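# Descriptive analysis of the structure
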2 protein chains.
Amino acid sequence: MAFLLPKGYRFAGVHCDVKPNTTKLDLSLIVSDRPATAAGVYTQNLVCGAPVQLDRLRTPGAGFRAIVVNSGVANACTGEQGFQNAETMAALTAEAIGAAQDQTLVMSTGVIGIQLPMNKIEAGIKEAASKLSSSYEHFNLAASGMMTTDTVRKTASRSLTLSNGKTIVLCGMGKGAAMIGPNMATMLVVLITDAALDPGDAQTMLKRVADETFNCISVEGHTSTSDTVLFLANGAAESSPLKDQDQELLAAALKDLCAELAQMIPNDGEGVSHLITIDVYGCKDRESAKTIAKTVANDALVKTAICGADPNWGRIVSAAGRTGVSFDPMKVSLKINGFDLYQNGTPLPFDKQTVSQSIRDNRKTHFELFFQEGEASIRFWTSDLTAEYVHLNADYTT
Amino acid sequence: MAFLLPKGYRFAGVHCDVKPNTTKLDLSLIVSDRPATAAGVYTQNLVCGAPVQLDRLRTPGAGFRAIVVNSGVANACTGEQGFQNAETMAALTAEAIGAAQDQTLVMSTGVIGIQLPMNKIEAGIKEAASKLSSSYEHFNLAASGMMTTDTVRKTASRSLTLSNGKTIVLCGMGKGAAMIGPNMATMLVVLITDAALDPGDAQTMLKRVADETFNCISVEGHTSTSDTVLFLANGAAESSPLKDQDQELLAAALKDLCAELAQMIPNDGEGVSHLITIDVYGCKDRESAKTIAKTVANDALVKTAICGADPNWGRIVSAAGRTGVSFDPMKVSLKINGFDLYQNGTPLPFDKQTVSQSIRDNRKTHFELFFQEGEASIRFWTSDLTAEYVHLNADYTT
């Protein structure tokens, strides 16, 4: 299937010297030719980057023309000066594309605690604005410009037919690959569509979808200061704001697309050798299911076991037990890669070699954890923890 | 200072073949010649080992004669059969030393999800009972018998003079060194004194002290299914239960001793190269301070940075920000090893090489994180995260 791009958007990605390596792009521009609705969801970290502070003030809203993204410096923990720099970055972008100051949004990712080199950023914005194009190649350059330690570009696309027969396109680019010194990696995602949405509808849809996709992944459980997902809807393919059934169609496509992008992040985590999918069933409520899934997902013990292809299921059950979520331990069951290992609080005999082999031979590992407390379930994605991850994150100044 | 042992206790440590390595002891017996008060604090993990379930029913109380400990198999996640085995282990111990069934307590640590080899345990208990001695050497054998992946024995001793001029002795043995396949390590500690205490007083004292010592350490944040601290007070040196000022004296000595034992655990963590002390000041309440300290302590990003001697302070501030504890980010300051790195939300210039050197050259690293929300503070201990830790925890079945 061809990778479709929505109408009315142009892209650029350049190197403007924020990153020392001149072969790495470090500034991206995503421009909508017509004013677009914008929605955003942001990090829950109390210590948040200046771009997050700025975008939070501006979204949801209408009339947006561009998103500018730099990588290499996160502009987080940078005080008053940092906020002014984020505002300046937005203003420079607006000027370069002929928009009003408040029609732009900003994202930054990279090392925290240092100020943006504004002269470089300014030059980068001008260069990017001069290179904008609606081509797939330029879309990919923009996706590359937001990467930090990512080893692969993360993009996805969907199209759908509305009830009036018109086709709309939805696509996304994202970055995120755990953390590595000197960078604190961050999840940044830009979603764009040529459908139209009212700002409130766009925000509600994005929040709901992000909660079921981007908020269900983890590499090491550290919520970055700069996590941001922005969603632009410019109406270039269909200018009437979607409602009702069409809005539901778009929401379903958005969820499907975000789930694809979301999984790419732990799968590209630093030194990762397994993508782990965790299904938790039978909880009292979604919050309980999520707490359990997230605790299992972030457990160093569980993650190192999978790295070593060790079906050490006790670590998973024990991680669930330490969450503070109440459940009957004698009604817990667990499967790994479809093998029944634990049933109603009692260990089952199993062939360790066979289960270990199934972990070792597959990039994907599947946990299914069953409780009997209610009907709520959740799916969560995480990565394993490898010695390579530690090397990458430890060896910065040494 | 000589290592003093309290009066009226005898010890043994033997190999009974629970561990395959015949040079490793795997069963310990601590016997009080006279009935002792016993208090206990236990794991908060909802999935808890059978010995924890049994001891919880029995403590606090009076009239205890022995603690039996095995290592190699944790007797956790073992269902009905596991609980019966723990009861049998207690009964066999009682029989071997000539006590009543309910005068004994049990601890187990090691791999979870498999049943105890009861024939080996029975033989071990008999052998240990035949070898009991009050010597320092036997105290050390008992301390060795509870070790799993520990590389050093963890013992400490204190003595104090009561208001009536009598001297009492307090000492402890512990084990714990993070986790390693196939074992889930566990923190087990036995504290013994020849003072006398009423059960309620012993329990209150132990709970308060554990909360400020053993509950303020972490290696990777995984609360084991079997964590247990037991405290025996047999009155062999002073038979009147301590009250008021003498009780406070004992509590202070107990806290001091437990802080010493507690730090030994992250310091002996798997593959650990740094013991990190985290002081958090100026929080609204102790719970907030603890949440922040614990989140920093368990953060893979922070721990790998210290492993690499990287003064990447942004990771510490960001970890504090993601706790959910509310604070003013513009009133946060941070020191590492006494160097001011961040003040009132703003990064300070510092010589990276000097700070890195101070981390690299010392086994101990010190974080001081200052808030301006109130008067509460806490001290917490953790270890760094090294590639060696991952190797040790991943390579079990492979």
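A quick note: this is a predicted structure, and the numbers were derived from the prediction, not measured.

## Points about the confidence of the model for chain A
Residue and element names in this part refer to chain A. Residue-level pLDDT values for chain A average 89, and 95% of them are 70 or greater. Averaged pLDDT values for the elements of chain A fall to 76 in helix H11 (residues 387-394) and rise to 98 in helix H3 (residues 118-130). Every residue in residues 179-184 scores below 50 in pLDDT, and together they form 37 contacts with partners more than four places removed in sequence or on other chains. The ipTM assigned to the predicted complex is 0.71, against a pTM of 0.77.

## Considerations on unusual backbone geometry
At the junction of threonine 59 of chain A and proline 60 of chain A, the peptide bond is cis and its omega measures out at -5 degrees in the coordinates. Residue placement: proline 60 of chain A occurs in the loop between helix H1 (50-58) and strand E3 (61-73). A positive phi is found at aspartate 244 of chain A, a non-glycine position, where the angle reads about 45 degrees. Within the fold, aspartate 244 of chain A resides in helix H6 (residues 244-267). When its relative accessible area of 63% is taken as the criterion, aspartate 244 of chain A is described as exposed. If you check the backbone angles, asparagine 344 of chain B has positive phi at about 45 degrees while not being a glycine. Mapped onto the elements of the fold, asparagine 344 of chain B is located in the loop between strand E12 (339-343) and strand E13 (346-347).

## So, the sheet that holds E13 of chain B
Residues and elements named next belong to chain B. Read from one edge of the open sheet, seven strands run E8-E15-E10-E14-E11-E12-E13, paired in mixed fashion. With partners counted over all chains shown, the strands left at the sheet margins are strand E8 (217-218) and E13, one partner each. Bridge count for strand E11 (residues 333-336) against E12 is three bridges, and the pairing is antiparallel. Paired with leucine 334 across the two strands is tyrosine 342, which belongs to E12. Contacts from helix H10 (residues 352-360) reach E11, E12 and strand E14 (364-370), with the element oriented near 120 degrees to E12.

## A look at the packing of helix H7 (residues 286-297) of chain A against helix H9 (residues 314-321) of chain A
Residues and elements named next belong to chain A. It is the contact of H7 with H9, at a shortest axis distance of 8 Å, that shows an interaxial angle of 130 degrees. As summarised for this structure, H7 and H9 are arranged oblique, according to the angle between their axes. H7 and H9 meet at a crossing whose hand is right-handed. From H7, Ile292, Thr295 and Val296 reach across to H9, where they touch Ile316, Ala319 and Ala320. Among the residues making up the contact of H7 with H9, the classes are represented as five nonpolar, one polar and no charged.

## With respect to the pattern of salt bridges
Pairs may arise between side chains of opposite charge once their charged atoms sit close together. Residue and element names in this part refer to chain A. Per the counting criterion, the structure on display carries 32 salt bridges over all chains. The salt bridge involving lysine 154 is made with aspartate 268; its shortest N-O contact spans 2.6 Å. Within this pair, whereas lysine 154 is found in strand E5 (residues 154-161), its partner aspartate 268 is found in the loop between H6 and strand E10 (275-283), the two being separated by 114 residues in sequence. We note that lysine 154, like aspartate 268, is buried. Among the ionic pairs, aspartate 211 bridges to lysine 290, the shortest N-O distance being 3.4 Å. In this pair, aspartate 211 sits in helix H5 (residues 199-212) while lysine 290 sits in helix H7, placing the two residues 79 residues apart along the sequence. Exposure remark for aspartate 211: the relative accessible area of 24% places this residue in the partly exposed category. Judged by its relative accessible area of 11%, lysine 290 falls in the buried class.

## Comments concerning the sheet that holds strand E13 (residues 346-347) of chain A
As a general point, the strands of a sheet are linked pairwise by backbone hydrogen bonds and lie either parallel or antiparallel. Residue and element names in this part refer to chain A. Taken in spatial order, the seven strands make up an open sheet running E8-E15-E10-E14-E11-E12-E13, and their pairing is mixed. Of all the strands in the sheet, just strand E8 (217-218) and E13 have a single pairing partner and so form its edges. With two bridges joining them, E8 and strand E15 (residues 376-383) adopt parallel strand pairing. The partner of isoleucine 217 across the bridge, within E15, is tryptophan 381. Along the sheet face, helix H10 (residues 352-360) touches strand E11 (333-336), strand E12 (339-343) and strand E14 (364-370) and points at about 120 degrees away from the line of E12.

The rules behind these values
Residues numbered from 1 in each chain as written. Chains lettered and ligands numbered in written order. Predicted model: local features only at pLDDT ≥ 70, side-chain atom pairs only at ≥ 80, totals over all residues. Heavy atoms only, no water. pLDDT = per-residue confidence, 0-100. Helix = DSSP H or I, 4+ residues; strand = E, 2+ residues; numbered from the N terminus. Contact = heavy atoms within 4.5 Å. Buried < 20%, exposed > 50% of the residue type's maximum accessible area, 1.4 Å probe, protein only. Pairing = 2+ DSSP bridges. Axes fitted to C-alpha atoms, helices over the stretch in contact; angles between N-to-C directions. Parallel < 35°, antiparallel > 145°, perpendicular 65-115°, else oblique. Left-handed = near helix turned anticlockwise from the far one by under 90°. Nonpolar A, V, L, I, M, F, W, Y, C, P; charged D, E, K, R; others polar. Salt bridge = Lys/Arg side-chain N within 4 Å of Asp/Glu carboxyl O.

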